[in-house]
Amino acid sequence: MKRLISRTAMGLAVAALAVGGLATTAQAAPAAAANSGDPALTDVYVWATDVNLRQQPTTDSPRLAVRSQWWADAVCQTQGQTVRDPAVGTNNWWTAVQEFAGSDIAWVNNLYIRGGVKIAGVPDC
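Now for a description of the structure that goes with this document. The shown structure was predicted, so the numbers you read here are calculated from the model rather than taken from an experiment.

Focus: the overall build of the protein chain
Counting its regular elements, the protein chain contains one helix and six strands. Counting the 125 residues in the protein chain, one finds 30% classified as buried. By sequence separation, contacts in the protein chain at least 24 residues apart represent 52% of the contacts at least 6 residues apart.

Structure below.
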């Protein structure tokens, strides 16, 4: 009986750690420190939630992924389709980004990247 209680308690502890670990990982990822990616590229922080990553710098382009509050490497930036967000403003500058662990390039409108209309340190495409 003692062994059964011990196993049950251990199982519950492992399950709690696993669930807590997933929640912690999901929350900790956006807080990752800058300079974790390619040192030749500028790190940028996408501050908004549920940001669409696009194949091209336009909202008509296919969505490749959706991300929230995360750091990425900025490859370059260019003018594209103007995006109007009543809560944030208007901007036609888009930045090509890649995630620290990946090589795929996706486009994010600069409205959702910390730094303003044009992101300092990110070259034009």
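Here we look at the pairing of strand β1 (residues 42–46)
Regular strands show a simple pattern: their side chains alternate between the two faces of the sheet. Among the five residues in β1, four count as buried, and that is most of the element. Here five bridges tie β1 to strand β4 (residues 70–85), and the two strands are oriented antiparallel to one another. Bridge pairing in β4 links aspartate 43 to aspartate 73.

Focus on the side chain of asparagine 109
As for its placement among the helices and strands, asparagine 109 is situated in strand β6 (residues 106–109). Since its relative accessible area comes to 3%, asparagine 109 is described here as buried. Among the polar contacts made by the side chain of asparagine 109, one reaches the main-chain carbonyl oxygen of asparagine 91 at a distance of 3.2 Å. Reaching out from asparagine 109, the side chain makes a polar contact with the backbone nitrogen of leucine 111 at a distance of 2.9 Å.

Brief notes about the packing of aromatic side chains
Going through the model one piece at a time under the given rule, you end up with two aromatic pairs. Between tyrosine 45 and tryptophan 71, the ring centres sit 5.1 Å apart and the planes meet at 50 degrees, which makes this aromatic pair tilted. Of this pair, tyrosine 45 sits in strand β1 while tryptophan 71 sits in strand β4; the two residues are 26 residues apart in sequence, bridging distant segments of the chain.

Side note on the pattern of salt bridges
On inspection of all chains with the given rule, the structure shows one salt bridge. Across the salt bridge formed by lysine 118 and aspartate 124, the nearest N and O atoms sit 2.9 Å from each other. Looking at lysine 118, the relative accessible area reads 38%, which means it is partly exposed. Of the residues examined, aspartate 124 reaches a relative accessible area of 46% and is grouped as partly exposed.

Things to note about the state of the cysteines
Joining two cysteines, a disulfide is a covalent bond between their sulfur atoms. One pass over the full model with this rule turns up one disulfide. Here cysteine 76 pairs with cysteine 125 through a disulfide, and the sulfurs are 1.9 Å apart. Disulfide cysteine 76-cysteine 125: torsion about the S-S bond near 90 degrees, hence right-handed. Highlighted residues: cysteine 76 in strand β4 and cysteine 125 in the segment after β6, separated in sequence by 49 residues. The class of cysteine 125 is exposed, set by a relative accessible area of 53%.

Description of the nonpolar core
Among the nonpolar cores identified, the biggest contains 22 residues, and Val44, Val46, Trp70, Val108 and Tyr112 are the most heavily contacted of them. Those elements that place two or more of their residues in this core are β1, β2 (51–54), β4, β5 (89–98) and β6. Here the element with the most residues in this core is β4; it accounts for five residues. The contact partners of tyrosine 112, leaving out residues within four places of it in the chain, are Tyr45, Val46, Trp47, Ala48, Val51, Val83, Asp85 and Val88.

How each quantity is defined
- Residues numbered from 1 in each chain as written.
- Predicted model: local features only at pLDDT ≥ 70, side-chain atom pairs only at ≥ 80, totals over all residues.
- Heavy atoms only, no water.
- Helix = DSSP H or I, 4+ residues; strand = E, 2+ residues; numbered from the N terminus.
- Buried < 20%, exposed > 50% of the residue type's maximum accessible area, 1.4 Å probe, protein only.
- Contact = heavy atoms within 4.5 Å.
- Pairing = 2+ DSSP bridges.
- Polar contact = N/O pair within 3.5 Å; in protein donor to acceptor, adjacent residues only side chain to side chain.
- Phe/Tyr/Trp six-rings, centres within 6.5 Å; stacked < 30°, edge-to-face > 60°.
- Salt bridge = Lys/Arg side-chain N within 4 Å of Asp/Glu carboxyl O.
- Disulfide = S-S within 2.5 Å.
- Core = buried A, V, L, I, M, F, W, Y, C linked by side-chain atoms within 4.5 Å.

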